[in-house]
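So you can see what is in the structure, the chains are spelled out below.
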Amino acid sequence: MILVEVGKPSLRRKTLDLDLNKEILLVGFDLINELKDKSRIREEAYKVQAARRYNSKVKQRNFQKGDLVWRMRSDTRKDNGKFSSNWEGPFRIANTAAGVLII
């Protein structure tokens, strides 16, 4: 037995205009790029604000050539457990250039 759907088409199907639909979709596609640009700008502004807030608690230190400094270990607590040292050094500053320390 084959099922047959009998009935009147809906109002949406009666009033559908394919040319108008395509035109509206194209306008929407043009607006998508603008929305992406706006959201990208908002995202960058948020990142700058978050970085500014995060870095506001950092104490700025100016090192001179010859100063002794300690360096945080990157492999802390991997082998020796919780009693391993967190810092290594002391190291002597060899050169400072553009805010980058060369140890």
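Our subject is the structure listed above.
Right, let's walk through the structure included here. Small disclaimer: the values here were computed from a predicted structure and weren't measured.

What follows concerns the overall build of the chain. Each helix and strand in the chain was counted, giving two helices and four strands. Starting at the N terminus and walking to the C terminus, you meet the elements of the chain as α-α-β-β-β-β. Here the C-alpha atoms of the chain give a radius of gyration of 32 Å, more than 25% beyond the 13 Å that 2.2 N^0.38 yields for 103 residues. A principal-axis box enclosing the C-alpha atoms of the chain has dimensions of 90 × 40 × 20 Å. Across the 103 residues that make up the chain, the buried fraction comes to 4%. A separation threshold of at least 6 residues defines the contact pool for the chain, and within that pool the share at least 24 residues apart is 32%. Counting every atom, the chain has about 10,500 Å² of accessible surface; 55% of that belongs to carbon and sulfur. A distance of 10 Å separates the average location of the 22 positive side-chain charges in the chain from that of its 13 negative side-chain charges.

With that out of the way, let us pick up the packing of aromatic side chains. Inspection of every chain in the model, using the stated rule, returns zero aromatic pairs. Positioned above the aromatic ring of phenylalanine 91 is the side chain of arginine 71, whose terminal nitrogen or guanidinium carbon lies 4.6 Å from the ring centre.

Turning to a nonpolar patch on the surface, a few remarks are in order. A cluster of nonpolar residues, Leu25, Leu26, Phe29 and Ile32, forms a patch on the protein surface that exposes about 390 Å² of accessible area. Note that leucine 25 resides in helix H2 (residues 18-55).

In total, this model carries three salt bridges according to the counting rule given. Note that arginine 40 and aspartate 37 form a salt bridge whose closest N and O atoms lie 3.2 Å from each other. Pair noted here: arginine 40 and aspartate 37 are both in helix H2, with a separation of three residues, about one helical turn. Accessibility expressed as a relative area gives 40% for aspartate 37, which makes it partly exposed. A salt bridge links lysine 47 to glutamate 43; its shortest N-O distance comes to 3.5 Å. Taken together, the residues span about one helical turn, with lysine 47 and glutamate 43 both in helix H2 at a distance of four residues. Note on lysine 47: relative accessible area 44%, which makes it partly exposed.

So, how was this worked out
- Residues numbered from 1 in each chain as written.
- Predicted model: local features only at pLDDT ≥ 70, side-chain atom pairs only at ≥ 80, totals over all residues.
- Heavy atoms only, no water.
- Helix = DSSP H or I, 4+ residues; strand = E, 2+ residues; numbered from the N terminus.
- Rg over C-alpha atoms; globule rule 2.2 N^0.38 Å.
- Buried < 20%, exposed > 50% of the residue type's maximum accessible area, 1.4 Å probe, protein only.
- Contact = heavy atoms within 4.5 Å.
- Areas by Shrake-Rupley, 256 points an atom, 1.4 Å probe, with all protein chains shown as cover.
- Lys, Arg positive; Asp, Glu negative; His and termini not counted.
- Charge placed at Lys NZ, Arg CZ, Asp CG, Glu CD.
- Phe/Tyr/Trp six-rings, centres within 6.5 Å; stacked < 30°, edge-to-face > 60°.
- Lys NZ or Arg CZ within 6 Å of the ring centre and 35° of its normal.
- Patch = residues over 30% accessible without salt bridge, like charges linked within 9 Å, V, L, I, M, F, W, Y side chains within 5 Å.
- Salt bridge = Lys/Arg side-chain N within 4 Å of Asp/Glu carboxyl O.

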